[in-house]
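Observations on the model geometry
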Amino acid sequence: MPRTRRAAFLATSAFLVTLLASLIGGPAPERAEAAPAAFVHPGVLVSRGQLDFTREKVNAGAQPWKGAFDQMMASKYASLSRVPKPRAVVECGSYSNPNYGCTDEREDAIAAYTLSLAWYFTQDSRYARKAMEIMDAWSGVIKDHTNSNAPLQTGWAGSSWPRAAEIIRYTYTGWPADRVERFKTMLRTVYLPEVANGSHSNGNWELSMTEAAIGIAVFLEDRAAYDRAVTTFRGRVPAYIYLTGDGSLPKTAPGSGLDTRDEIIRYWQGQSTFVNGLSQETCRDLAHTGYGVSAISHIAETSRIQGQDLYPEVAERLRHALGLHAKYELGETPPSWLCGGTLRDHLGPVTEVGFNALHHRMGYPMTNTQALTERGRPAGTNNLFVAWETLTHAANPR
């Protein structure tokens, strides 16, 4: 099916599901309705209120925001001499091998977001124009993502693009209307069809893809795509982070096909002892676990900005996941029953958004997560889809 037709199909699917439910079984459940009546802009990961709070702190020279701002501005992503490297087909194999445009696309998307933040905090229009240049370059060229990592690559880049576009579109007046529409078309026809159907690979894939889908839905003001993404999120989070209330085995994602104990344990990297906060990828490595936990935080943050707060639904899982993994990142030796007593890699700069929401806004005590978050400040970027979250979310009350 051509991408334009696939996009149209996806845009109507949620409506048809709801309609069918009303015809054969009465009204659809209330929680199936997730999209706001009116979308908030800018509203992907960061709101105008959050941006204003950060700008006030940076201008006052307050820490940790000023240090985080200086770090961002010194990075390659804030460079006004950056030359975008768009290509029509981005081909990404497993672990980005082959890598035909994979790194270029992700880093150009992060650069567009970085420059949009730089514009807002400095009010120097050169940064806005450079962000637009990068977004326009890609929207005029890209047609597809191919090879085995295409869904994940699309999810990573597709998470950063709408963050940048939201800030430029709604806080700067110089983005030509035809280029805005071209960028929307790119998101609607190249990115959304690739991520909207989810994935039955490791959970970080589907969570990153869902983050992209919900951000794109906000920028496109596509209520059906937003609802579809929230439905996927609600099915995946309980299958990614375990709570003892789930029973003797973790939950499985809808459509996963995992229906035996052996299959579930194999999917959980061979781990057979389950505790609060354990992730489906903990025993794979902490880096991929960090991707999944970060995407959960990002999706919940966007939903909160949009007035449809998903944090209460995932708070217990998210706080336990952050706390469990932070404990071992801080140096505690893992017990022998946990991944054979060895945890690999590190979470990366992924704790600020969830920690701010759960601790500062919702009041959860999070000693280990707080210690790890403060030790890692200012949080930089993982060069994939996480960037500058001490700057945007540290103790941000808005």
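Structure shown above.
This is a predicted model, so every value here is computed, not measured.

Notes on the environment of Gly-341
Note that Gly-341 resides in the loop between α12 (311–329) and α13 (352–361). Using a relative accessible area of 23% as the deciding quantity, one classes Gly-341 as partly exposed. Sequence-distant contacts of Gly-341, that is, excluding residues within four places in its chain, are made with Pro-334, Pro-335 and Ser-336.

A closer look at the state of the cysteines
This model, assessed by the stated rule, comprises two disulfides. Across the disulfide from Cys-92 sits Cys-102; the S-S distance is 2.1 Å. As the torsion about the S-S bond is roughly -125°, the Cys-92-Cys-102 disulfide counts as left-handed. With Cys-92 in strand β3 (residues 89–92) and Cys-102 in helix α4 (residues 102–122), this pair connects stretches of sequence that are ten residues apart.

Section: the packing of helix α2 (residues 48–59) against helix α3 (residues 65–74)
Their axes nearest at 8 Å, the elements α2 and α3 cross at an angle of 95°. On the basis of the axis angle, α2 is roughly perpendicular to α3. Residues Phe-53, Lys-57 and Val-58 of α2 lie in contact with α3, whose contacting residues are Trp-65, Lys-66 and Phe-69. Looking at the contact of α2 with α3 residue by residue, the classes come out as four nonpolar, no polar and two charged.

A word on the side chain of Asn-149
Inspection of the secondary structure puts Asn-149 in the loop between β5 (144–146) and α6 (150–171). Of note is the side chain of Asn-149, whose polar atom sits 3.4 Å from the backbone oxygen of Gly-93. Contact partners of Asn-149, with chain neighbours within four places excluded, come to Cys-92, Gly-93, Ser-94, Tyr-95, Ser-96 and Trp-205.

Overview of the pattern of salt bridges
Taken as a whole and assessed by the stated rule, the structure comprises 19 salt bridges. Between Glu-107 and Lys-76 there is a salt bridge, with its nearest N and O atoms 3.2 Å apart. Within this pair, whereas Glu-107 is found in helix α4, its partner Lys-76 is found in the loop between α3 and β3, the two being separated by 31 residues in sequence. Classification of Lys-76 by relative accessible area gives partly exposed; the value is 47%. Arg-126 is the partner of Asp-124 in a salt bridge, and the nearest nitrogen-oxygen pair spans 2.7 Å.

Criteria and thresholds
Residues numbered from 1 in each chain as written. Predicted model: local features only at pLDDT ≥ 70, side-chain atom pairs only at ≥ 80, totals over all residues. Heavy atoms only, no water. Helix = DSSP H or I, 4+ residues; strand = E, 2+ residues; numbered from the N terminus. Buried < 20%, exposed > 50% of the residue type's maximum accessible area, 1.4 Å probe, protein only. Contact = heavy atoms within 4.5 Å. Disulfide = S-S within 2.5 Å. Axes fitted to C-alpha atoms, helices over the stretch in contact; angles between N-to-C directions. Parallel < 35°, antiparallel > 145°, perpendicular 65-115°, else oblique. Nonpolar A, V, L, I, M, F, W, Y, C, P; charged D, E, K, R; others polar. Polar contact = N/O pair within 3.5 Å; in protein donor to acceptor, adjacent residues only side chain to side chain. Salt bridge = Lys/Arg side-chain N within 4 Å of Asp/Glu carboxyl O.

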